[in-house]
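# Notes for the structure review
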Amino acid sequence: MTTLVVGARGNVGRSVVEQLVAAGETVRASVRRTGGDEFPAGVEVVTADLTNSDSFARALAGVRRVFLYAPAPEQVDAAIRVLERAKLELVVQLSSGSVLLESAVGNAIAEEHREIEEAFSRTDLPWIPIRPLVLATNDLRWDVRRPVKLVYPQARTAPIHEHDIAAVAVAALTNAVDPAAATGMLTGGELLSQAERVALIAEVVGLQPEIQELSEAEARKAFGGGDSQTDAILAFIRDAAAGGSPATDVVQKALGRAPLPYRRWVADHRHDFS
Ligand SMILES: NC(=O)c1ccc[n+]([C@@H]2O[C@H](COP(=O)([O-])OP(=O)(O)OC[C@H]3O[C@@H](n4cnc5c(N)ncnc54)[C@H](OP(=O)(O)O)[C@@H]3O)[C@@H](O)[C@H]2O)c1
């Protein structure tokens, strides 16, 4: 039985491919452009773009299960129509834990994911959303070789390793977990402030951390303007600073093990920070 992974070059998608292969599954990896990728031996690579229904339908031929990212809101109906025609056993879709966070109601990023989830839930597709709250890969934007500019440096979140998100997605794809356990809010195991995370990254790459604290107005400018995405990110950080970002036991319950520690995530990405 073949599983299609759409977004196979993404942080989570690539790990889904690798973990499916490690579990002995047959995998078709879909990328928007071919070239340069080393996927594990035996993985079939196809090109598809969710904005091009024909290419998506071709990628789905003969497939029973799919992992995909959240399609853009304006693309979701077309993507759903293609998925419906494919007669699938399972669609596992990367969504966001913010849809389960009361304080995120009205937040543009949370509302976008909610809108996409609602479109899927109106269908008869066998659909399982995977809902991480804060991705550790957000921290790849920090360059610890210079002062790291932070708004609310003490804001604490529990970022999750992409391998743990992928592990829950793979457990869902292979029926190794009760869907109810897979759809909870996924987080890492430890609440760490932004300043603590910068210090851990600096330690692993052998540098002294330096932090420059920004006001919200300065951060809005540094994040590139006053659009709704910037406001949404600022709102998440402000909420975290007020203690609103939890660490959950969903990974432990879904996988029967603790989430990978943040320090492990930094070690896995040491080359990205050096
Ligand atoms: N940041 C957070 O804290 C957070 C929290 C909760 C949920 N999330 C979710 O997690 C996602 C990010 O995960 P990630 O780091 O694994 O993402 P990523 O590394 O940016 O990968 C996204 C993948 O999606 C593919 N893609 C984008 N548009 C596509 C299209 N039209 N057709 C086909 N493929 C397309 C990309 O293909 P190419 O390789 O061709 O570009 C890429 O492989 C966010 O988009 C959000 O939905 C994020």
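Higher on the page you've got the structure.
This text gives an overview of the structure that appears in the document. (Residues numbered from 1 in each chain as written. Predicted model: local features only at pLDDT ≥ 70, side-chain atom pairs only at ≥ 80, totals over all residues. Heavy atoms only, no water.)

## What to know about the overall build of the protein
Check the secondary structure of the protein and you find twelve helices and eleven strands. The C-alpha radius of gyration of the protein comes to 19 Å, within 12% of the 19 Å expected for a compact globule of 274 residues. On the principal axes, the C-alpha backbone points of the protein span a range of 55 × 40 × 35 Å. Burial analysis of the protein (274 residues in total) assigns 49% to the buried set. The contacts of the protein with a sequence gap of at least 6 include a subset with a gap of at least 24, amounting to 75%. For the protein, the exposed area adds up to about 12,700 Å²; of that, 48% sits on carbon and sulfur atoms. Across the protein, the centroid of the 28 positively charged side chains sits 3 Å from that of the 36 negatively charged ones. (Helix = DSSP H or I, 4+ residues; strand = E, 2+ residues; numbered from the N terminus. Rg over C-alpha atoms; globule rule 2.2 N^0.38 Å. Buried < 20%, exposed > 50% of the residue type's maximum accessible area, 1.4 Å probe, protein only. Contact = heavy atoms within 4.5 Å. Areas by Shrake-Rupley, 256 points an atom, 1.4 Å probe, with all protein chains shown as cover. Lys, Arg positive; Asp, Glu negative; His and termini not counted. Charge placed at Lys NZ, Arg CZ, Asp CG, Glu CD.)

## Examining the sheet that holds strand 5 (residues 90-94)
One open sheet accounts for seven strands, arranged 3-2-1-4-5-6-9; its pairing is parallel. Because the sheet does not close on itself, it has two edges, and the strands there are strand 3 (44-47) and strand 9 (185-186). With two bridges connecting them, strand 6 (residues 127-132) and strand 9 associate as parallel partners. Its bridge partner being in strand 9, Arg131 is matched across the sheet by Met185. Against the sheet, helix 1 (residues 11-22) contacts strand 1 (2-6), strand 2 (26-31), strand 4 (63-68) and strand 5, and its axis sits at roughly 165° relative to strand 1. (Pairing = 2+ DSSP bridges. Axes fitted to C-alpha atoms, helices over the stretch in contact; angles between N-to-C directions.)

## So, the site of the ligand
Neighbouring residues of the ligand: 22 residues in total, closest Arg32, Leu50, Tyr69, His113 and Asn138. Taking Tyr69, its side chain carries an N or O atom lying 2.6 Å from an oxygen atom of the ligand. If the ligand stood free it would expose 950 Å²; the protein chains cover 71% of that surface. For the shell around the ligand, the residue count by class is ten nonpolar, nine polar and three charged. (Near = heavy atom within 4 Å. Polar contact = N/O pair within 3.5 Å; in protein donor to acceptor, adjacent residues only side chain to side chain. Nonpolar A, V, L, I, M, F, W, Y, C, P; charged D, E, K, R; others polar.)

## A short note on helix 9 (residues 228-241)
Across its 14 residues, helix 9 extends 20 Å between first and last C-alpha, which sits within 8% of the 20 Å expected from 1.5 Å per residue. Looking at helix 9, one finds that the buried residues are Thr230, Ala232, Leu234, Ile237, Asp239 and Ala240. On the buried face of helix 9, the contacting elements are helix 4 (108-121), strand 7 (148-151), strand 8 (156-157), helix 7 (194-205) and helix 8 (216-222). Note on helix 9: the residue one or two positions beyond its end, Gly243, has a positive phi of about 90°. (Expected span 1.5 Å × (residues − 1).)

## Considering the side chain of Gln194
Within the secondary structure, Gln194 is located in helix 7. Judged by its relative accessible area of 5%, Gln194 falls in the buried class. Engagement of the side chain of Gln194 in a polar contact is seen with the backbone oxygen of Tyr152, the distance being 2.8 Å. Among all residues touching Gln194, those that are not within four sequence positions of it are Arg141, Trp142, Leu150, Val151, Tyr152, Pro153, Ala155 and Ile237.

## Side note on unusual backbone geometry
With phi around 50°, Tyr152 is a residue other than glycine that occupies positive phi space. With respect to the helices and strands, the residue Tyr152 is situated in the loop between strand 7 and strand 8.

## Let's talk about the pattern of salt bridges
A side chain with one charge may pair with a side chain of the opposite charge, provided their charged atoms come close. Enumeration over the complete set of coordinates arrives at 13 salt bridges. Note that Glu25 and Arg65 form a salt bridge whose closest N and O atoms lie 2.4 Å from each other. In this pair, Glu25 is assigned in the loop between helix 1 and strand 2 and Arg65 in strand 4, connecting sequence segments 40 residues apart. Its relative accessible area of 23% is what places Glu25 among the partly exposed residues. The exposure class assigned to Arg65 is buried, which follows from its relative accessible area of 6%. (Salt bridge = Lys/Arg side-chain N within 4 Å of Asp/Glu carboxyl O.)

Any functional reading would require information that these geometric values do not contain.
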